Protein chains: 4
Amino acid sequence: MENSDKRRKIINDPVYGFIKLKNEFHYELIEHPSFQRMRRIRQLGLTDYVYPGAFHSRFQHSIGAAYLMQEAVDVLRDKGFDISDKEEESAISAILLHDIGHGPFSHALEFSVVEGVNHELMSLLYMDSLNEYFSGRLLMAIEIFTDKYPKRFLHQLVSSQLDVDRLDYLCRDSFFSGVIEGAVGVDRIIRMLTVADGKIAVEAKGIYSIEKFLIARRLMYWQVYLHKTVVAAEEVLIQLLKRVKFLYSCNFDLFLTPSLEFFVKNNSEVIENFRLFSPSLIISNFDLLDDSDIIICAKMWMTSSDKVLSYLAKSLINRNLPKVHLVDKSFDDEYVDEIKNRIVAHFGISASDANFLVTNSMISNKTYSPVLDEIKIVYHNGDIVDVAEASDMLNLSVLSKEVKKYCLCYPRF
Amino acid sequence: MENSDKRRKIINDPVYGFIKLKNEFHYELIEHPSFQRMRRIRQLGLTDYVYPGAFHSRFQHSIGAAYLMQEAVDVLRDKGFDISDKEEESAISAILLHDIGHGPFSHALEFSVVEGVNHELMSLLYMDSLNEYFSGRLLMAIEIFTDKYPKRFLHQLVSSQLDVDRLDYLCRDSFFSGVIEGAVGVDRIIRMLTVADGKIAVEAKGIYSIEKFLIARRLMYWQVYLHKTVVAAEEVLIQLLKRVKFLYSCNFDLFLTPSLEFFVKNNSEVIENFRLFSPSLIISNFDLLDDSDIIICAKMWMTSSDKVLSYLAKSLINRNLPKVHLVDKSFDDEYVDEIKNRIVAHFGISASDANFLVTNSMISNKTYSPVLDEIKIVYHNGDIVDVAEASDMLNLSVLSKEVKKYCLCYPRF
Amino acid sequence: MENSDKRRKIINDPVYGFIKLKNEFHYELIEHPSFQRMRRIRQLGLTDYVYPGAFHSRFQHSIGAAYLMQEAVDVLRDKGFDISDKEEESAISAILLHDIGHGPFSHALEFSVVEGVNHELMSLLYMDSLNEYFSGRLLMAIEIFTDKYPKRFLHQLVSSQLDVDRLDYLCRDSFFSGVIEGAVGVDRIIRMLTVADGKIAVEAKGIYSIEKFLIARRLMYWQVYLHKTVVAAEEVLIQLLKRVKFLYSCNFDLFLTPSLEFFVKNNSEVIENFRLFSPSLIISNFDLLDDSDIIICAKMWMTSSDKVLSYLAKSLINRNLPKVHLVDKSFDDEYVDEIKNRIVAHFGISASDANFLVTNSMISNKTYSPVLDEIKIVYHNGDIVDVAEASDMLNLSVLSKEVKKYCLCYPRF
Amino acid sequence: MENSDKRRKIINDPVYGFIKLKNEFHYELIEHPSFQRMRRIRQLGLTDYVYPGAFHSRFQHSIGAAYLMQEAVDVLRDKGFDISDKEEESAISAILLHDIGHGPFSHALEFSVVEGVNHELMSLLYMDSLNEYFSGRLLMAIEIFTDKYPKRFLHQLVSSQLDVDRLDYLCRDSFFSGVIEGAVGVDRIIRMLTVADGKIAVEAKGIYSIEKFLIARRLMYWQVYLHKTVVAAEEVLIQLLKRVKFLYSCNFDLFLTPSLEFFVKNNSEVIENFRLFSPSLIISNFDLLDDSDIIICAKMWMTSSDKVLSYLAKSLINRNLPKVHLVDKSFDDEYVDEIKNRIVAHFGISASDANFLVTNSMISNKTYSPVLDEIKIVYHNGDIVDVAEASDMLNLSVLSKEVKKYCLCYPRF
């Protein structure tokens, strides 16, 4: 916060300029230690290994998305849609907290640190906890977040094909990575928002902006989020954690920070089954788990006697990344086996250990999923159609089809 | 690096766009683990506690400054000044490595982690070590860095009142903090550079750009680098480390990562007297010391039985910052004592312990130090004068006078 | 030119920053009065009636495109393609001059001032004349412009689906109009350029940038170039000139500047048949014909006794634009007739005169015309395919299909 | 206007993004023909001869300044200062119209077209006329403009050392010229505005922004507005008009558009003495006078039999500018005479005619005039001081001293 004076707190955001949240409650949320923790979680994991500027934190993204929510509410009210002050507060609270459950390096460790539990579930656990802390004030925010609130368009602003989350992260990630082509006309899109049949829709003259939004998103996926060197770096991180879990289960001696150990030990059942552990125990451990735990442990592991562990740790810390092939068709088993054999021979490790060094994964991106949640276009005459139908440019079948790529990583030597 | 193809490696920098270093050797330097470590050192310490976007790393700054050096060399050659390929390589190497000796959180811990040793000395230690690693290829870079190379303007481009270091950090810090007023016309200033009497100078028609550079720098100092909340946060960090050293010297049991312990234990004499320790021992420890060591330890210390330590650690991690007064005159001793007494009473600690919580420091910024190294302006007729003389706008006596402010911090309660 | 010193002339372009043309000859071309005339031709006709910032001149665009050509040549040479200094000079000359034949308000008057003659023909006439003036130095530029030069990729850089003309105007028009969504990743696209089978192509990893380029272009068409209010304003301008020609042919007395009169009198056969008039006569008149001729005449015509002429002139000067309907289907004749009848009644004019006030036109935009000139994508393995085939996103049939819209304009009253 | 729908009209400004004026009345003002005329007046005269992008119109500037006024009113109300809706409307109307009296090429012709009458007087004449047209609705706007309204800070926002006029033109001229160093932190300055003792003041923490504003303004003066080539171009334009007046007074036959002739004939007494002419006659002529009148006449004059006239006209149209010396001391009379003699000999003209070709003028810029209207800084404790006193950086005596430069122009041959 630039200004310690509570009455006129302004946040200086390099993406949008001066941001002012009108409701003092949101500054209270931001000041809570669990929210402050997001300062220590990088928004894009290891993407800075390819785009050095992409080093921004999830903290900034959450505040940026909250600002866009405030703007969207203003626009919709201006067009005559009824949104109460409490609804506005809650929608902004929901988006402020939507990513609070992210673990270290955001997505990369989502399934390896706390197996089987995604960040949305964890965010919900946090919201419940904060709701108690703030004496029930987050109740409506939780309803909006979980799509149980009757005005469903509020949920859609938090989470849908065209939510303020995506609008902010495309702009922000584009800004910090320097991939300016990923920038989205946020101002215009927000101004074109409307509500039709109780759902978020876009006025017809905004259709070109929506086309560009979908194309920009696709570009950011393949050029940034799924850039092959980023994928390789995150693969190293994932395998490193998998190796740790494996060694831990074998009672191999390795350094772990207390919070990391809590999750390595307890695995998925920790959170899947909240009855085994009190939520507050989970949260008190998660509160202290951030990017620094991974970095500090990896630095320790560089000198481990386990060859695989030390190899992966050094690879991560020194940015000594594996060779990576990213192609459209899956790899032949024989080809992969041949590489594994070379790794086995070179490192003097077992075939099962080699699986931590040679990884063969599938990555995918579906630009637009009409089944879940279509982006609706509203015409002057009141007609409402799906954007993929309204646009003669975009290929419907492609938009809704998952694009799969296959990724093979293995050590250079 | 965006492009893994060695022949055409391009770095996508959000500040300057595409950056291409022409000499492959510089990519080798960048790939060295000691250089990669700068990814884990934030350029502006805790400045993101006020400007959330200011979260960028020293890694980016070093590459940005190297890019500007390459541009400056091009301009000077274009104006007929002789710079050999080897000199160009060395000047760029020198600026790439000028900050490699920065400890965690950049300046904040400069005097508390490794007492008495500034980052330039440490950078030099690194350069010597890398020079050995690269078989003497950095010899001329070291001469330039230490101002022993005959063409002294090359040293001035690395370090002077108008070096590419400052040009880059003003632009970069302004970009990431969102304080756009701090931006500097880098392109124009570099184009106006020339050499006069063997020293870097600026063509007369660039004088307005230089005035603006000096004013922008001043603005960044008081608005960003010495913003009172940033000063308060860094004061917490400094006192935290001082407390750790104190407790360590009392054999109090506290968690330390191995590299941090090496420096806490050995203190200044480690580096002041290189004979006691081999440089390679110092470097191998420093290589593994970065922001994450401080964060992870502070998280551990939050539950320490030492009240002062735990208070400061929680203050840092949860951004629960002290009250801070920043004024033009020094504080009355009585006033400070009264506050200390209240802290003693409130926390139930000794008066000497209270000195870690109540700090009374002086901060200063001298915008321009003509004594050291004047910015020279060259007129068409060949006259060379100091900028403070050439500019009828800037107040010479003020420019060269240190501005002192006094800063009193103490816990809120 | 910012700098009068010939040796280091730099142009300060708000879109790309400092532009420096390496070859002094291009500054000679720019200084020629026929080139300077482009300062007085607005790039986007009457688009500033909708986007007030879009007031830039064709002069700027020509220099911007020349800068991009220079960049493209650098990239291609860097990739090993042979381009001689003379070829570079000529390609840059060709693009500098490609729009020199534009009449007042660029496209708007293309077919009404000099009926039947487009600006490319006129540009060619100019090039021939300048070639003589510069003693044959533009010969190769003319060959490149007319696609008679063997290295056909040079022509494609001047004029194709992916030429530096389009790259510059999309960036520039987006910048000045404030429609930032139309911005194109020029830097990246130029870096991805290559030559395959003797033609310009794009490296495979640039495909997302090309997709975005095509979408941005489409967006600029419908949001800016063919914005219905822009179309209405240009319709007024076109009808105004048609009325003038009609009245002139009836010997009606009206004010005309000498150069405008030359073209109103002589019509298309002037240029279609160069034998009737010497090219130098045409050029000497065209040299003095620019936006100001139209404005000054229109101001005079506001008080004409011809109702239609004065109505259209006032409409243009005071931005009192007609009502406009822009729809996907053509209008019923009866509907149009009914409107014409109301205009006849209201203005007390004949039915044939009403045709100047009620206009029913078709506008179209084809985003991508593979038949003429496909954008080729080159894969690592050497495969070359058309972008519409390479992209699973873009709808081939749509891309190559003309989109037609129907536009009905008539006075408000 | 981007949007023809009156209820939600938005203007797309490349400098500030989407601009929305809240009060429908201001759109009525904008649509008036006298306001539309400003589209045909370039903001920076012939500055595009040096900075090709600086081709923007006074129309854009007026709307931009109105937007900033709206923002400033919002900020001041937010801080508790009472501003009624009528006062807001009037302040915005006043700034919208503050430049409506500018003649062709803005400042350049201020004293040559309508001798002795500056644009503020002409703007006032327009405001009176529009006030009648709008049935007295502009009465308060006129009081604010003429500083007769009791809340004097409203006048200061229109016209003072720190008005929205300057804030907009510095930003806008910097944006279009590409001289990014001239950009001003408009957002921050407006947020720091307050009222003290009934006058506009700036909060103490905004002092660095004010310093930067003054330095940026100074930079824009010497680098753009008074760039020696711009000065030379405007000198040509001024002498051209002076020659026209001289020839007209000799009954020499020359082409003049009707509106230009009205002012050439009637000279200063036209407006000085409104009793001779009805204001409506003056306005009806001024309404039709814009940049195009000068351009079209100059094109005609290129072939005049008067050598001086044709020389100056060709110089202007073909950007064939005189040689220019810009120095700190006035020129020796002998030196100037010697040049005049060479011109007399070369052109075969009389000595008195040579005075139109050889000009020796003084230009000046005072960055800050405390006598008129100090920028006040308000401290937390309520103290109010002048910025030149509050800033230890800025040189008071220099700030208030006029900087004079001497400019000698004469034909190249």
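Residues numbered from 1 in each chain as written. Chains lettered and ligands numbered in written order. Predicted model: local features only at pLDDT ≥ 70, side-chain atom pairs only at ≥ 80, totals over all residues.

Student: Before we move on, could you go through the overall build of chain A and cite the residues and values that matter?
Tutor: Tallying secondary structure elements over chain A gives 20 helices and nine strands in all. The 413 residues of chain A split such that 53% are buried. For chain A, long-range pairs separated by at least 24 residues make up 70% of all intrachain contacts whose partners lie at least 6 apart in sequence. (Helix = DSSP H or I, 4+ residues; strand = E, 2+ residues; numbered from the N terminus. Buried ≥ 20, exposed ≤ 12 C-beta atoms within 10 Å, placed from the backbone. Contact = placed C-beta atoms within 7 Å.)

Student: Lay out the relation of the copies chain D and chain C with the relevant residues and their values.
Tutor: Turning chain D through 180 degrees and shifting it by 0.0 Å along the axis lays it on chain C, with an RMSD of 0.0 Å. Taken together, these values place the two copies in the relation of a two-fold axis. Within chain D, the C-alpha atom positioned nearest to the axis of rotation is that of D:Ser292, 2.4 Å from it. A shared binding surface is used by both copies, with 100% of the interface residues of chain D retained as interface residues in chain C. (Least-squares fit on C-alpha atoms with pLDDT ≥ 70 in both.)

Student: Quick one: what's the story with the interface of chain A and chain B, residue by residue and with numbers?
Tutor: Taken together, the contact pairs 37 residues of chain A with 37 residues of chain B. Elements with a minimum of two residues in the side of chain A that touches chain B: strand E1 (11–13), helix H2 (33–36), helix H3 (58–78), helix H8 (164–177) and helix H15 (291–301) of chain A. Top element by residues in the side of chain A that touches chain B is H15(A). It accounts for five residues. Split into classes, the residues belonging to the side of chain A that touches chain B amount to 15 nonpolar, 14 polar and eight charged. (Nonpolar A, V, L, I, M, F, W, Y, C, P; charged D, E, K, R; others polar.)

Student: Explain the sheet that holds strand E5 (residues 323–327) of chain D residue by residue, including any values.
Tutor: Residues and elements named next belong to chain D. On the basis of which strands lie adjacent, the open sheet formed by three strands has the order E5-E9-E6 and antiparallel pairing. The open sheet has two free edges, formed respectively by E5 and strand E6 (359–365), since each of these has just one partner strand. For this sheet, the mean inter-axis angle between neighbouring strands, taken without regard to orientation, is 25 degrees. Relative to strand E9 (residues 403–410), E6 runs antiparallel, the two being bridged by seven bridges. (Pairing = 2+ DSSP bridges. Axes fitted to C-alpha atoms, helices over the stretch in contact; angles between N-to-C directions.)

Student: Before we move on, can you summarise the interface of chain D and chain C with the specific residues and values?
Tutor: Contacts between the two partners involve 37 residues from chain D, matched on the other side by 38 residues from chain C. Looking at the side of chain D that touches chain C, the element that brings in the most residues is helix H15 (residues 291–301) of chain D, giving five residues. A class-by-class count of the residues in the side of chain D that touches chain C yields 15 nonpolar, 14 polar and eight charged.

Student: Could you give an account of the packing of helix H8 (residues 164–177) of chain B against helix H10 (residues 207–225) of chain B, naming the residues involved and the relevant values?
Tutor: Residue and element names in this part refer to chain B. One way to put it is that H8 packs onto H10 with a least axis distance of 11 Å and a crossing angle of 45 degrees. Comparing the axis directions of H8 and H10 gives the class oblique. At the point where H8 passes H10, the crossing takes the left-handed sense. Residue-level inspection shows Leu170, Asp173, Ser174 and Ser177 of H8 in contact with H10, the latter providing Ala216, Arg217, Met220 and Val224. Across the contact of H8 with H10, the residue classes tally to four nonpolar, two polar and two charged. (Parallel < 35°, antiparallel > 145°, perpendicular 65-115°, else oblique. Left-handed = near helix turned anticlockwise from the far one by under 90°.)

Student: Residue-level account of the environment of A:Asp13, with values.
Tutor: Relative to the helices and strands, A:Asp13 is located in strand E1. Residue A:Asp13 is classed as buried on the basis of its C-beta count, with 20 C-beta atoms lying within 10 Å. A sequence separation of 348 residues divides A:Asp13 from A:Ser361, and the C-alpha atoms of the two residues are 37 Å apart. Among all residues touching A:Asp13, those that are not within four sequence positions of it are A:Ile19, A:Gly64, B:Gly53 and B:Gly178.

Student: Describe unusual backbone geometry, naming the residues involved and giving the relevant values.
Tutor: Positive phi outside glycine occurs at B:Asn251, with the angle close to 60 degrees. Here B:Asn251 lies in the loop between helix H11 (228–249) and helix H12 (258–266).

Student: Tell me about helix H3 (residues 58–78) of chain D, residues and numbers included.
Tutor: All names here are of chain D. Spanning 21 residues, H3 covers 30 Å between terminal C-alpha atoms, matching the ideal 30 Å at 1.5 Å per step. Burial analysis of H3 places 16 of its 21 residues in the buried class, the great majority of the element. At the C-terminal side of H3, glycine 80 shows a positive phi close to 95 degrees. (Expected span 1.5 Å × (residues − 1).)

Student: Hey, could you go over the nonpolar core for me, with residue numbers and the actual values?
Tutor: Grouped together as the largest cluster of nonpolar side chains are 518 residues, with contacts concentrated most on A:Met69, B:Met69, C:Met69 and D:Met69. Setting aside residues no more than four positions away along its own chain, A:Met69 makes contact with A:Ala91, A:Ile92, A:Ile95, A:Leu157 and A:Val164. (Core = buried A, V, L, I, M, F, W, Y, C linked by C-beta atoms within 7 Å.)

Student: So what's going on with helix H16 (residues 307–317) of chain B? Which residues, and what values?
Tutor: Residues and elements named next belong to chain B. Counted residue by residue, H16 has eight buried out of 11 residues, so it is predominantly covered. Those residues of H16 that sit buried are Val308, Leu309, Tyr311, Leu312, Ala313, Ser315, Leu316 and Ile317. Next to the buried residues of H16 lie H11, helix H15 (291–301) and helix H18 (351–354). Looking at the residues trailing H16, positive phi occurs at arginine 319, about 50 degrees.

Student: I'd like a rundown of the environment of A:Val50, residues and numbers included.
Tutor: All names here are of chain A. Counting through the fold element by element, valine 50 comes out in the loop between H2 and H3. In this structure valine 50 comes out as buried when scored by C-beta crowding, with 25 C-beta atoms within 10 Å. With 192 residues separating them in the primary sequence, valine 50 and lysine 242 have C-alpha atoms 23 Å apart.

Student: Please set out the pairing of strand E4 (residues 199–203) of chain D residue by residue, giving values where relevant.
Tutor: All names here are of chain D. Of the pairings in the sheet, the one linking strand E3 (residues 193–196) to E4 comprises four bridges and is antiparallel in character. By the bridge assignment, valine 195 is partnered in E4 with isoleucine 200. Hairpin geometry of E3 and E4 is characterised by an intervening segment of two residues between the two adjacent antiparallel strands and by a positive phi of about 50 degrees at aspartate 197.

Student: Give me the confidence of the model for chain A: which residues, what numbers.
Tutor: Fine structural detail should not be taken from predicted coordinates in areas where pLDDT scores are low. Chain-level pLDDT for chain A is 88 on average; 89% of the residues reach the 70-or-more range. Counting interchain partners and residues more than four positions distant, the pLDDT-below-50 stretch residues 1–7 of chain A has 11 contacts. (pLDDT = per-residue confidence, 0-100.)

Student: Requested: an account of the sheet that holds strand E6 (residues 359–365) of chain C, with residues and values cited.
Tutor: Residues and elements named next belong to chain C. Ordered by their spatial adjacency, three strands build an open sheet running E5-E9-E6, and the pairing between neighbours is antiparallel. The strands lining the two open edges of the sheet, one partner per strand, are strand E5 (323–327) and E6. On average, each strand axis in the sheet is inclined to that of its neighbour by 25 degrees, with strand direction left out of account. When E5 meets strand E9 (residues 403–410), the two strands line up antiparallel, connected through five bridges. The partner of lysine 323 across the bridge, within E9, is tyrosine 410.

Student: Lay out the environment of D:Val244 in plain terms, naming residues and giving numbers.
Tutor: All names here are of chain D. Note on placement: valine 244 falls in helix H11 (residues 228–249). Along the chain, valine 244 and glycine 80 lie 164 residues apart, while their C-alpha atoms are 56 Å from each other. Here valine 244 is in contact with Leu254 and Val264, once residues within four sequence places are set aside.

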